[in-house]
Amino acid sequence: MSAPLDTTQTPKVSEREARQVAEAAREKDWRKPSFAKELFLGRFRLDLIHPHPLPADEDTRRGEAFLAKLRDFCETKIDGALIEREARIPDEVINGLKELGALGMKIDPKYGGLGLTQVYYNKALALAGSASPAIGVLLSAHQSIGVPQPLKMFGTPEQKERFLPRCARTDISAFLLTEPDVGSDPARLATTALPDGDSYVLDGVKLWTTNGVVADLLVVMARVPKSEGHKGGITAFVVEAASEGITVENRNSFMGLRGIENGVTRFHQVRVPAENRIGSEGAGLKIALTTLNTGRLSLPASCVAAGKWALKIAREWSVAREQWGKPIAKHEAVGSKISFIAATTFALEAVLDLSSQMADEDRNDIRIEGALAKLFASEMGWVMADELVQIRGGRGFETADSLAARGERAVPAEQILRDLRINRIFEGSTEIMHLLIAREAVDAHLKVAGDLIDPDKSLGDKAKAGAHATAFYARWLPKLVAGPGQLPRTYSEFHPAGHADLSGHLRYVERSARKLARSTFYAMSRWQGRMETKQGFLGRIVDIGAELFAMSAACVRAELLRTSEDHGRAAYQLADVFCRQARIRVEELFTRLWSNTDDLDRKVVDGVLSGSYTWLEQGIVDPSGEGPWIADATPGASERTNLHRPIR
């Protein structure tokens, strides 16, 4: 067996090395069109999303049939309040979901799955998550990032035959990347996989392993050392959770999602057959990021479900509750919140369905759309839940059990607020999503001008890059001056008689896309190589793009509903209100691109870190317990009881 590596500490890497690892894992080619990518370049390609793509009739039939079965199960077998109280999904509920086929919603029927489209998979997650958010997480972690998705995209035929039938009906899977001292910086990954003949031997500790406590199969990311015959690098493996040397050391508890089976998993000399490696050595991070392109759409599904529920509760409560002689909904202060919830829920569902259908058709590259959907839904979902709590007043802060105990309807408004909070962190925090999307948004610029701002490039390389950039911008910049958004009759099909006028909003999107591109170009010219440090600016650029994408999706969905269903007029009204609200946010973001406190904030941060403001912390008692900020993750045999609890 190979000599063990010294893995007592997380690898030390520089900022530049960390960026290089992340950059190497990116998909660098754009073989298919992308609506969002074009938007950031100042090109409003409405033709890529309109007319709204639709699922095939057979996909709809199968999807609706499963939703009917799932709805009956959710209404009769799931007690969300019980799961919240006991912080555990009953085994019989999980076994019932297995029998229903819910574990295999995205798995091809030839492997025993249901073969649902992304559209209907997300509808199912929203439905199950509305009954219990913990169940939505269980199902999405298993299928969106667990074993089924990476094997579907990168697995060998033999791996699919071995593992997918199990995942479709009996076995729960989990995805293990994060470590106690490694989050969004995978260059520091400490878990190792040492080659040993026809196997690898895993050592390390993984944190926040959603489904890890009950999982049967794990996708594990580990670092293979470079050696003769081994390329090395971060690599993905399918690992049997019951393997010797695996210990679930802790079942973690959180402010929300109290029923999820999330833990700490230790690997000590765990032998994994080489045939269980997914893809090649060093491809693990790319596999993880590619899996997340569509996997991230499960989080918007939970936010859409929360918005729909918040709207229902806000409507019913605001009619029943009277203040000063009329229902509180009739008071403008409350009514504006209800309008926001309704319009935003409509837009979030539009973004989710459009992104999901584009993923199903596979004719567009949706890496930016999926990321924008996750980012926008996470942020807006949280705001909607917060507004619901405010509408409910003191009852919004009171638990459902307490409400029921004193004879009132058990409305878990405070729970949904707690449950949704993690979405701004899960699968890429808002801050990381800003940077990830910004990198893709400026990709075209870096391809033509990247060498100009790269300090390691020679003068000759910079000269060539300068000539290339001059030619590119000579063609591109003039197109940002004027466009169809300045013509009053453009997009007139979005202003049918008797309906709200959405054509003006689409013209606004077109004009704003060009303004966004001009702003990005100006910033690159101004800051050049320092652009990547301007995270506040980049975050606002991305947020503007997210709003413009949501506006476009809302308008396209409203037109679809007008031509295909009975809710066209109402859909147009909701889209109109959402777009008007979004335009206010966009204008504020444009202003804050150049008028902000970013430089002052950095000075304050320097003062905080240097101890200049410790006097401000006086006069309190810190209730925190003793212990290190980050738990020790030194590899070795576990000294704890194994909490692994497979469900049979």
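Structure shown above.
Residues numbered from 1 in each chain as written. Predicted model: local features only at pLDDT ≥ 70, side-chain atom pairs only at ≥ 80, totals over all residues. Heavy atoms only, no water.

Engineer: So what exactly am I meant to see when it comes to the overall build of the protein here?
Structural biologist: On a plain count of helices and strands, the protein comes out with 23 helices and 10 strands. Scaling as 2.2 N^0.38, a compact globule of 648 residues should have a C-alpha radius of gyration of about 26 Å, and the protein matches this with 26 Å. Judged by the C-alpha coordinates and their principal axes, the protein covers about 75 × 75 × 65 Å. Here the contacts in the protein between residues at least 6 apart in sequence split such that 77% fall between residues at least 24 apart. For the protein, the exposed area adds up to about 29600 Å²; of that, 54% sits on carbon and sulfur atoms. (Helix = DSSP H or I, 4+ residues; strand = E, 2+ residues; numbered from the N terminus. Rg over C-alpha atoms; globule rule 2.2 N^0.38 Å. Contact = heavy atoms within 4.5 Å. Areas by Shrake-Rupley, 256 points an atom, 1.4 Å probe, with all protein chains shown as cover.)

Engineer: Which parts of the structure should I look at to understand the packing of aromatic side chains?
Structural biologist: Each pair of aromatic rings is reported with the distance of its centres and the angle of its planes. Applying the stated criterion across every chain, the model contains 14 aromatic pairs. The interplanar angle of 75 degrees and the centroid separation of 5.0 Å between the aromatic rings of phenylalanine 472 and tyrosine 473 together place this pair among those described as edge-to-face. The interplanar angle of 70 degrees and the centroid separation of 6.2 Å between the aromatic rings of tryptophan 476 and phenylalanine 521 together place this pair among those described as edge-to-face. Residue tryptophan 476 is found in helix 19 (residues 459-476), and its partner phenylalanine 521 is found in helix 20 (residues 503-527); the two are separated by 45 residues along the sequence. Among the residues examined, tryptophan 476 registers a relative accessible area of 3% and is labelled buried. Linked through ring pairs, Phe35, Phe44, Tyr491 and Phe549 together constitute an aromatic cluster. The lysine or arginine in question, arginine 392, covers the ring of tryptophan 317, its NZ or CZ lying 4.7 Å from the ring centre. (Phe/Tyr/Trp six-rings, centres within 6.5 Å; stacked < 30°, edge-to-face > 60°. Buried < 20%, exposed > 50% of the residue type's maximum accessible area, 1.4 Å probe, protein only. Lys NZ or Arg CZ within 6 Å of the ring centre and 35° of its normal.)

Engineer: Mind showing me how you'd approach the pairing of strand 6 (residues 246-251) here?
Structural biologist: Consecutive side chains along a regular strand alternate between the two faces of the sheet. Among the six residues in strand 6, five count as buried, and that is most of the element. Two strands pair when backbone bridges link them, and strand 6 and strand 7 (residues 262-273) are joined in this way by five bridges, in the antiparallel orientation. Note that in strand 7 the partner of threonine 247 across the bridge is arginine 266. (Pairing = 2+ DSSP bridges.)

Engineer: Just checking my understanding: could you explain unusual backbone geometry for this structure?
Structural biologist: With an omega dihedral of 0 degrees, the bond running from histidine 50 to proline 51 counts as a cis peptide bond. The residue proline 51 is located in the loop between helix 2 (35-40) and helix 3 (57-77) in this model. Backbone geometry at tryptophan 208 places phi at a positive 55 degrees, although glycine is not the residue there. Structurally, tryptophan 208 is set in strand 3 (residues 199-210). Positive phi is not limited to glycine here, since asparagine 211 has a value of about 75 degrees. With respect to the element layout, asparagine 211 can be found in the loop between strand 3 and strand 4 (217-224).

Engineer: Would you mind going over the nonpolar core with me for this structure?
Structural biologist: The tendency in soluble globular proteins is for nonpolar side chains to be buried side by side. Counting 127 residues, the largest nonpolar core has Leu97, Ile135, Leu139, Leu372 and Phe578 as the members making the most contacts within it. Excluding its chain neighbours within four sequence positions, the residues that come into contact with phenylalanine 578 are Ala343, Thr344, Ala347, Phe376, Glu547, Ala550, Met551, Ala554 and Arg585. Grouped together as the second largest cluster of nonpolar side chains are 24 residues, Val147, Leu151, Leu189 and Ala236 included. (Core = buried A, V, L, I, M, F, W, Y, C linked by side-chain atoms within 4.5 Å.)

Engineer: Is there a simple way to explain the packing of helix 13 (residues 367-392) against helix 21 (residues 535-564) in this structure?
Structural biologist: Axis angle and axis distance: for two packed helices, these are the angle between their axes and the distance between the axes, and together they describe the pair. Where helix 13 meets helix 21, the closest approach of the two axes is 10 Å, and the angle between their N-to-C directions is 95 degrees. Taken together, the axes of helix 13 and helix 21 are roughly perpendicular relative to one another. Residues Glu369, Leu372, Leu375 and Phe376 of helix 13 form the contact with helix 21, whose participating residues are Val542, Asp543, Gly545, Ala546, Glu547, Phe549 and Ala550. A breakdown of the residues in the contact of helix 13 with helix 21 according to their chemical character gives seven nonpolar, one polar and three charged. (Axes fitted to C-alpha atoms, helices over the stretch in contact; angles between N-to-C directions. Parallel < 35°, antiparallel > 145°, perpendicular 65-115°, else oblique. Nonpolar A, V, L, I, M, F, W, Y, C, P; charged D, E, K, R; others polar.)

Engineer: What is the right way to read the environment of leucine 70 from this model?
Structural biologist: Following the sequence through the fold, leucine 70 ends up in helix 3. A C-alpha to C-alpha distance of 9.6 Å links leucine 70 and glycine 101, two positions 31 residues apart in sequence. Setting aside chain neighbours within four positions, we find leucine 70 in contact with Leu97, Leu100, Ala124, Leu127 and Ala128.

Engineer: How should the side chain of glutamate 398 be read in this particular structure?
Structural biologist: Examined against the element boundaries, glutamate 398 turns out to sit in the loop between helix 14 (394-397) and helix 15 (400-405). Ignoring anything within four residues of it in the chain, the contact list for glutamate 398 reads Leu403, Arg406 and Glu414.

Engineer: Can you walk me through the pattern of salt bridges in this structure?
Structural biologist: Oppositely charged side chains are able to pair whenever their charged atoms sit close together. With the rule as written, the count across this model stands at 44 salt bridges. Salt bridges linked by common partners bring Arg88, Asp91, Arg251, Glu261 and Arg645 together as one network. (Salt bridge = Lys/Arg side-chain N within 4 Å of Asp/Glu carboxyl O.)

Engineer: Can you walk me through the state of the cysteines in this structure?
Structural biologist: In protein structure, a disulfide is the covalent linkage between the sulfur atoms of two cysteines. Scanning all chains against the criterion turns up zero disulfides. Of all cysteine sulfurs, the one in cysteine 74 lies closest to cysteine 303, which takes part in no disulfide; the gap is 18 Å. Under the relative-accessibility criterion, cysteine 303 is labelled buried at 0%. Cysteine 579 supplies the cysteine sulfur nearest to cysteine 555, a cysteine that is in no disulfide, at a spacing of 3.8 Å. Given the relative accessible area of 1%, cysteine 555 is considered buried. (Disulfide = S-S within 2.5 Å.)

Engineer: Even after reading the chapter, I still don't get helix 21, so can you show me in this structure?
Structural biologist: Within an α-helix, residues lying three or four positions from one another point in the same direction, as the helix has 3.6 residues per turn. For helix 21, with 30 residues, the first-to-last C-alpha span of 43 Å sits near the 44 Å given by 1.5 Å per residue. Burial of helix 21 is extensive: 24 of the 30 residues sit out of reach of the surface. (Expected span 1.5 Å × (residues − 1).)

Engineer: What is the right way to look at the environment of glycine 625 in this model?
Structural biologist: Relative to the helices and strands, glycine 625 is located in the segment after helix 23 (598-610). Glycine 625 sits in the exposed class, given a relative accessible area of 65%.

Engineer: I would appreciate a short explanation of the packing of helix 11 (residues 298-320) against helix 13 in the present structure.
Structural biologist: Where helix 11 contacts helix 13, the two axes come as close as 9 Å, and the packing angle between them is 20 degrees. Here helix 11 lies roughly parallel to helix 13, going by the angle between them. As for the relative orientation of helix 11 and helix 13, their crossing is left-handed in sense. Each of Leu299, Pro300, Cys303, Gly307, Trp309, Ala310, Ile313, Ala314, Trp317 and Ser318 in helix 11 lies in contact with helix 13, whose residues at this interface are Ala373, Lys374, Ala377, Ser378, Gly381, Met384, Leu388, Ile391 and Arg392. (Left-handed = near helix turned anticlockwise from the far one by under 90°.)

Engineer: Mind showing me how you'd approach the pairing of strand 4 here?
Structural biologist: The buried count for strand 4 comes to seven of eight residues, which makes it a mostly enclosed element. Relative to strand 4, strand 1 (residues 173-176) runs parallel, the two being bridged by four bridges. When the sheet's bridge partners are listed, phenylalanine 175 is paired in strand 4 with valine 219. Taken together, the eight bridges between strand 4 and strand 5 (residues 233-240) define a ladder with antiparallel strand orientation. Residue valine 220 lies in a different strand from strand 5, and its bridge partner there is phenylalanine 237.

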